[in-house]
Amino acid sequence: FCPGARYYIDCNASCHCDGDCADGSPFCGPSCDGLTCGCGLSSCSQRQAGCITFRYGQCHEEIGCAGRIACRLVTCTPPWELDATCSTTTFFDDNTADQNAPCLQAPQPVVSYAFAAHPKGGFYLAETDGTVHTYDAPFFGSPAADGNHLDSPVVAIAASPTGDGYWLATAAGNVFNFGVPWHGSLAADGNHLDSPVVAIAASPTGDGYWLATAAGNVFNFGVPWHGSPAADGNHLDSPVVAIAASPTGDGYWLATARGAVLGYAVQSLGGPAGQPGGAGVPVVGIAVDVSNEKATGYTVYGVGATPVPLSGPVPPPAPVFERFPLA
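In what follows, the accompanying structure is described. (Residues numbered from 1 in each chain as written. Predicted model: local features only at pLDDT ≥ 70, side-chain atom pairs only at ≥ 80, totals over all residues. Heavy atoms only, no water.)

Section: the environment of Ala255
In step 1: Of note, Ala255 is situated in strand β15 (residues 252-256).
In step 2: On the basis of relative accessible area, Ala255 is assigned to the buried category, the value being 0%.
In step 3: Separated by 12 residues in the primary sequence, Ala255 and Ile243 place their C-alpha atoms 6.4 Å from one another. (Helix = DSSP H or I, 4+ residues; strand = E, 2+ residues; numbered from the N terminus. Buried < 20%, exposed > 50% of the residue type's maximum accessible area, 1.4 Å probe, protein only.)

Comments concerning the pairing of strand β18 (residues 294-302)
In step 1: With eight bridges joining them, strand β17 (residues 283-291) and β18 adopt antiparallel strand pairing. By the bridge assignment for β18, Gly285 is matched with Tyr301.
In step 2: Where β17 hands over to β18, the hairpin turn is made up of two residues, of which Asn292 adopts a positive phi near 55 degrees. (Pairing = 2+ DSSP bridges.)

Concerning unusual backbone geometry
In step 1: One non-glycine residue with positive phi stands out, namely His60, at about 50 degrees.
In step 2: Within the secondary structure layout, His60 lies in the loop between β3 (47-49) and β4 (69-75).
In step 3: Using a relative accessible area of 17% as the deciding quantity, one classes His60 as buried.
In step 4: In the Ramachandran plot, Asp136 falls in the positive-phi region, its phi being about 55 degrees despite a non-glycine side chain.
In step 5: Inspection of the secondary structure assignment puts Asp136 in the loop between β7 (132-135) and β8 (154-159).

Some thoughts on the environment of Gly67
In step 1: Within the fold, Gly67 resides in the loop between β3 and β4.
In step 2: Residue class for Gly67 comes out buried when judged on its relative accessible area of 1%.
In step 3: Between the C-alpha atom of Gly67 and that of Leu35, which follows or precedes it by 32 residues, the distance is 8.4 Å.
In step 4: When neighbours within four sequence positions are excluded, Gly67 is seen to be in contact with Asn12, Ala13, Cys15, Phe27, Cys28 and Asp33. (Contact = heavy atoms within 4.5 Å.)

Looking at the state of the cysteines
A covalent bond between the sulfur atoms of two cysteines is what we call a disulfide.
In step 1: In the structure shown here, the tally under the stated rule is four disulfides.
In step 2: Note that Cys15 is cross-linked by a disulfide to Cys28, the S-S spacing being 2.2 Å. Judged by the sign of its S-S torsion, about -85 degrees, the bond between Cys15 and Cys28 is left-handed. Residue Cys15 is found in the loop between β1 (7-12) and β2 (38-40), and its partner Cys28 is found in the loop between β1 and β2; the two are separated by 13 residues along the sequence.
In step 3: For Cys15, a relative accessible area of 22% puts it in the partly exposed group. (Disulfide = S-S within 2.5 Å.)

Here we look at the pattern of salt bridges
In step 1: Per the counting criterion, the structure on display carries two salt bridges.
In step 2: Measuring nitrogen to oxygen at the nearest pair gives 2.5 Å for the salt bridge that ties Arg72 to Asp10. Note that Arg72 is positioned in strand β4 and Asp10 in strand β1, a separation of 62 residues in sequence.
In step 3: A relative accessible area of 28% places Arg72 in the partly exposed class. (Salt bridge = Lys/Arg side-chain N within 4 Å of Asp/Glu carboxyl O.)

Structural notes on the sheet that holds strand β13 (residues 218-221)
Remark on secondary structure: sheet strands pair via backbone hydrogen bonds, oriented parallel or antiparallel.
In step 1: The three strands are arranged β11-β12-β13 in an open sheet whose pairing can be described as antiparallel. Every other strand in the sheet has two partners, leaving β11 (197-202) and β13 as the edge strands with one partner each. Averaged over all neighbouring strand pairs, the angle between strand axes comes to 20 degrees, with direction disregarded. (Axes fitted to C-alpha atoms, helices over the stretch in contact; angles between N-to-C directions.)

A word on the packing of aromatic side chains
In step 1: Scanning all chains against the criterion turns up 11 aromatic pairs.
In step 2: Ring centres 4.9 Å apart and planes at 85 degrees place the aromatic pair Phe54 and Tyr56 in the edge-to-face group.
In step 3: Exposure remark for Tyr56: the relative accessible area of 35% places this residue in the partly exposed category.
In step 4: A centroid spacing of 4.7 Å and a plane angle of 10 degrees characterise the contact between Phe123 and Tyr135, whose relative ring orientation is stacked. Of this pair, Phe123 sits in strand β6 (residues 123-127) while Tyr135 sits in strand β7; the two residues are 12 residues apart in sequence, bridging distant segments of the chain. Taken individually, Phe123 and Tyr135 each receive the classification buried, so the pair is uniform in this respect. (Phe/Tyr/Trp six-rings, centres within 6.5 Å; stacked < 30°, edge-to-face > 60°.)

Topic: the pairing of β6
In step 1: With respect to burial, β6 is a largely interior element, five of its five residues being buried.
In step 2: Alternating residues of β6 divide into Phe123, Leu125 and Glu127 and Tyr124 and Ala126, and every residue in both groups is buried.
In step 3: Bridge count for strand β5 (residues 113-117) against β6 is five bridges, and the pairing is antiparallel. Its bridge partner lying in β6, Phe115 is registered against Leu125.
In step 4: As consecutive antiparallel partners, β5 and β6 are separated by five residues, and within that stretch Gly121 has a phi angle of approximately 110 degrees, a positive value.
In step 5: Looking at chain direction, β6 and β7 are connected through four bridges and run antiparallel. Its bridge partner lying in β7, Phe123 is registered against Tyr135.
In step 6: A loop of four residues connects β6 with β7, the two strands running antiparallel in sequence, and Gly130 in this loop sits at a positive phi of about 95 degrees.

This is the structure in structure tokens:
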């Protein structure tokens, strides 16, 4: 179903047993990866989940010990354009050429956008190639408009709290500034990331920003560092997907795909992961509820069913799981 090659991206479970791969094996035992063998999409005629011990090994090669496959993504986009940790070396396995199932094919192309609200109304959508679309908000430029070819996709955008510009962050840790000062980036510092950047949050004063990675690292540029799950040694059962700064800049919240919310130097009351039934659909964002320049809580958002068009009326926002008021 791809015009050329199609690519398999497997999500392998992490191993939780110390020394389980000490014998040199790239895999840990079933008792150490936390998965239960079962049917994918509630139908074993579609896919199994948590049953297969296998790894292509071209992404996150720095991880030497992995568990069984939890899920598989089939894409027409080369993985190294989605995740900076993936090797650009291509291997072919023609035995998979005829494998197909309805669950492997999306009914329509899916385009991912990063979102940021303008403080005076309107908002921005940024495409992975660095194109920035404006909706009732001023345009300050973009990598695509400048003709820049990006080595990794844009994954997040943060608007200046004064409305004078915005920052774009890529999966590899580059930060591009338009109308606002540049405070540094992971790529410029030569840092090697163990997982891609997924989110950026600007300080309330615009004096800096924080970058968050999927593995739970937080990096600070021009602003104080308040901690992170990775630094605390916390094992996350799903990747970090969003970060939101407190109105004073003295802390931030991180949200994971399964709906956990972690607070650093700020109060956290948990998230949809702690509610009956959990989040239900993947979490994609978190926003702070503010009154009189003070945080009154935060709101966690899930993936929406309706894509945002590049023109015409704006559809309703993604589902709001719940507002979590702070004491």
